[in-house]
Amino acid sequence: MVNPPTRNRNQWTLNNTTNYLERIAILLMIVNGLGQLWFPSAYNHKRSRHFKICDEIFQNPEKFKTDYSEMESKMKVFVYPDGACGSSNGQLRIDSVHASEEFFFNNISKSKFSTQNPDEAQFFFIPLNCLQLDKLPNIVEEFFYSLIVKYSYWNTDSSHHFVVACRGSFVNAIEQVPLLVNHATRIVCSPSHGATATTLCGRARTLPQVQQPFLHQAGLINFKNRNMLGFWAGQTNSDIRRKLVELWQNDTDLDIQNSNINANHRGHFLYYEKFYKSKFCICPGGSRTEGGRLASAIHYGCVPVILSDHFDLPFTNFLDWKKFSVQLNESDVYDLKRILKAIPKDKYKDLQRNTVKAQMHFKWNSAPKKYDAFHMVMFELWSSTPPNQIFSQQPLLFDD
């Protein structure tokens, strides 16, 4: 009796595994194709969000594209080496409200804008992240004057120098150095001012404040699952916040809570889940720098409602905030519910759609990406301080 030919077990396994993987790949291609056919907006959004901008949220999209392209090809920044030490212990401290500051220091060194040749630079960055907090504000002034004495670039063109700060202590220390305030550009986190505060003055720009990583994925264009009219939870550390809680904490359409969100508690997750379920996320002014809620609202696709008389929004020179936010005075808190309910459904859909499309401009990445928050900050610097514009060629060691 002739035995049947034996099968090479390894060969059989390999062939069958290959066939199995090929079938899986074909199935995935079919599912992907059907997904693009059935849900084109979702696929197009994911595919394009990092490669092109949404014209609708820009004041002048064509000018922005032209100027942005020029910035990419020409902008060079010299970082003064005396104060640059990178992030603490080589790691980004992104678990605090000062994350934007850390991201910027990390991104500037990795970006193509950075140059070690000051003669080819149009801009000069004065880093402050390595200064000791317990010696502020005197150490900021001392450090600054040591730079302008050691290097000649400040006397050549002070207007193209800039500093970046998100910590309130750094911002306050910078404000006490007249030369910095009057001549350099200050890029600082937006203070959500109290009633007695004033808006940013002088050559100041707003740094988008954010606390990353986000606990949940970015919200997509979604109208059906947002059943709550408006949401806010936080500390009542300002008059407008106290009034907001007093008026609306027991309302059934507005979810308004006076609560301290603990990052180590399950309530922290529930807090951010409410951004998904709300149509509008209230961003009231506070008593200190507190802009992270604005970026969180945009990240989760919740239309931000700016409820403040003094709030310095980022990128106001080129973004059209009216296309993806609602801006109210503090006196509107009494009619908040009526105002939000009066927004037409089609208008809300446009706002929510544009909020999602604005997400890429408020996201910080460990390695900078085109059109992200880092690049938008650099563009604001580029566009607001033209590189060929020299404000002063006179020595500026001291103000009159």
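Placed above this text is the structure.
Quick caveat, the model's predicted, so the values are computed rather than measured. (Residues numbered from 1 in each chain as written. Predicted model: local features only at pLDDT ≥ 70, side-chain atom pairs only at ≥ 80, totals over all residues. Heavy atoms only, no water.)

A.B. asks: Outline the sheet that holds strand 10 (residues 303–307), listing residues and values.
C.D. replies: Read across the open sheet, the five strands follow the order 8-7-9-10-11; overall the sheet is parallel. With one partner strand each, in any of the chains shown, strand 8 (254–258) and strand 11 (326–328) form the two edges of the open sheet. Taken over all neighbouring pairs, the strand axes of this sheet differ in orientation by 20° on average, direction set aside. The pairing of strand 9 (residues 278–284) with strand 10 spans five bridges and is classified as parallel. Considered in strand 10, the bridge of Cys281 is made with Pro304. (Pairing = 2+ DSSP bridges. Helix = DSSP H or I, 4+ residues; strand = E, 2+ residues; numbered from the N terminus. Axes fitted to C-alpha atoms, helices over the stretch in contact; angles between N-to-C directions.)

A.B. asks: Just give me the short version of the side chain of Thr355, but keep the residues and values in it.
C.D. replies: Position of Thr355 relative to the elements: it lies in helix 13 (residues 345–357). Within the structure, the side chain of Thr355 is placed 2.7 Å from the backbone oxygen of Leu351, a separation counted as a polar contact. Once residues lying within four places of it in the same chain are set aside, the contact partners of Thr355 are Ala297, Ile298, Gly301, Cys302, Val303, Pro304 and Phe324. (Polar contact = N/O pair within 3.5 Å; in protein donor to acceptor, adjacent residues only side chain to side chain. Contact = heavy atoms within 4.5 Å.)

A.B. asks: Quick one: what's the story with unusual backbone geometry, residue by residue and with numbers?
C.D. replies: A positive phi angle, near 60°, is found at Phe315, a position not held by glycine. Mapped onto the elements, Phe315 comes out in the loop between strand 10 and strand 11. The exposure class assigned to Phe315 is buried, which follows from its relative accessible area of 0%. The residue Tyr371 is not glycine, and still its phi comes out positive at about 70°. Note that Tyr371 resides in the loop between helix 13 and helix 14 (373–384). Judged by its relative accessible area of 8%, Tyr371 falls in the buried class. (Buried < 20%, exposed > 50% of the residue type's maximum accessible area, 1.4 Å probe, protein only.)

A.B. asks: Before we move on, can you summarise the sheet that holds strand 2 (residues 114–115) with the specific residues and values?
C.D. replies: Strand pairing in a sheet is mediated by backbone hydrogen bonds. Such pairs are either parallel or antiparallel. Across the sheet, six strands lie side by side as 2-1-3-4-5-6; this open sheet has parallel pairing. Only two strands of the sheet have a single partner each, and these edge strands are strand 2 and strand 6 (204–207). Inspection of the sheet shows strand 5 (residues 185–189) paired to strand 6 by four bridges, in the parallel sense. Note that in strand 6 the partner of Arg186 across the bridge is Ala204. Packing against the sheet, helix 4 (residues 99–110) makes contact with strand 1 (77–79), strand 2, strand 3 (123–125), strand 4 (161–165), strand 5 and strand 6, and its axis sits at approximately 135° to strand 4. Set on the sheet, helix 14 makes contact with strand 1, strand 3, strand 4, strand 5 and strand 6; between it and strand 6 the angle comes to about 165°.

A.B. asks: Describe the pattern of salt bridges, listing the residues and the values that go with them.
C.D. replies: The full count for this structure, using the stated rule, is 15 salt bridges. Glu70 is the salt-bridge partner of Lys74, the closest N and O atoms lying 3.4 Å from each other. In this pair, Lys74 and Glu70 are both assigned in helix 3 (residues 61–74), four residues apart and thus about one turn of the helix distant. With its nearest N and O atoms 3.6 Å apart, the salt bridge here joins Lys243 to Glu246. Separated by three residues within a single helix, Lys243 and Glu246 lie in helix 9 (residues 239–248), roughly one turn from each other. (Salt bridge = Lys/Arg side-chain N within 4 Å of Asp/Glu carboxyl O.)

The values are spatial; any link to function lies outside them.
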